[in-house]
Amino acid sequence: MTQQEPPKIEFPCEFPIKVFGVQNDEFKDHVHQVFSEHADDFHPSKVKSRPSGKGTYLAMTVVIVATGKPQLDRITKALKAKPELVKMVI
């Protein structure tokens, strides 16, 4: 059986990034700051948020025009730099 290659992404492209974390202003500010620093086209209006059932956590989806894998890696690393706020990045 042959291994399939993962699909190749052609950059630049619109790319959604989901960030899950503790629902508070510090988490939201951190997400906005990271995207402001690493994505030239970031605007707060491009963020969609959804709280968890009990309101403890928040899922934020941010759509950016990604320029390449290095940019996505930098964003992921910067988001995960605060594990007390960010629980998962997809």
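Scroll up to find the structure this text is about.
This write-up is about the structure you can find in this document. Being a predicted model, the structure only gives us computed values, none of them experimental.

### Topic: the overall build of the protein
Check the secondary structure of the protein and you find 2 helices and 4 strands. When the helices and strands of the protein are placed in sequence order, the string is β-α-β-β-α-β. For the protein, the spread of C-alpha atoms along the three principal axes comes to 45 × 35 × 20 Å. When burial is assessed residue by residue, the protein has 29% of its 90 residues classed as buried. The long-range fraction of contacts in the protein, counting pairs at least 24 apart against all pairs at least 6 apart in sequence, stands at 71%. Total accessible area on the protein is roughly 6400 Å²; 54% of this is exposed by carbon and sulfur atoms. With 13 positive and 11 negative side-chain charges, the protein shows a spacing of 7 Å between the two charge centroids.

### Side note on the sheet that holds strand S2 (residues 47–51)
Reading across the sheet, the 4 strands line up as S2-S3-S1-S4 and stay open at both edges, with antiparallel pairing between neighbours. At either end of the open sheet lies a strand with only one pairing partner, and these are S2 and strand S4 (86–89). Along the sheet, successive strands turn relative to each other by an average axial angle of 20°, direction set aside. Where strand S1 (residues 13–22) lies against strand S3 (residues 57–66), 10 bridges are found, and the strand directions are antiparallel. Note that in S3 the partner of Lys 18 across the bridge is Thr 61. Sheet strands in contact with helix H1 (residues 25–38) are S1, S2, S3 and S4, and its direction is about 10° off that of S3. Across the sheet, helix H2 (residues 69–80) touches S1, S3 and S4, and the angle it forms with S3 is around 155°.

### Examining the packing of aromatic side chains
The tally for this structure, following the rule as stated, stands at 1 aromatic pair. Where Phe 35 meets Phe 42, the ring centres are 6.0 Å apart and the plane angle is 25°; that geometry is what we call stacked. For the pair shown, Phe 35 and Phe 42 are each scored as buried.

### Examining unusual backbone geometry
Between Phe 11 and Pro 12 the backbone carries a cis peptide bond, its omega angle lying at -5°. Position of Pro 12 relative to the elements: it lies in the segment before S1.

### Looking at H2
Taking 1.5 Å per residue, 12 residues should reach 16 Å; H2 reaches 16 Å between its end C-alpha atoms and fits that length. Here H2 has its buried residues at Gln 71, Leu 72, Ile 75 and Leu 79. The arc enclosing the buried residues of H2, seen along the axis, measures out at 100°, which places them on a common side. Projecting away from the buried face of H2 at angles above 90 degrees are the exposed residues Lys 69, Pro 70 and Lys 77. Tucked inside the fold, the buried residues of H2 contact S1, H1, S3 and S4.

How each quantity is defined
Residues numbered from 1 in each chain as written. Predicted model: local features only at pLDDT ≥ 70, side-chain atom pairs only at ≥ 80, totals over all residues. Heavy atoms only, no water. Helix = DSSP H or I, 4+ residues; strand = E, 2+ residues; numbered from the N terminus. Buried < 20%, exposed > 50% of the residue type's maximum accessible area, 1.4 Å probe, protein only. Contact = heavy atoms within 4.5 Å. Areas by Shrake-Rupley, 256 points an atom, 1.4 Å probe, with all protein chains shown as cover. Lys, Arg positive; Asp, Glu negative; His and termini not counted. Charge placed at Lys NZ, Arg CZ, Asp CG, Glu CD. Pairing = 2+ DSSP bridges. Axes fitted to C-alpha atoms, helices over the stretch in contact; angles between N-to-C directions. Phe/Tyr/Trp six-rings, centres within 6.5 Å; stacked < 30°, edge-to-face > 60°. Expected span 1.5 Å × (residues − 1). Arc of directions from axis to C-beta.

By themselves, these figures tell us nothing about what the structure is for.
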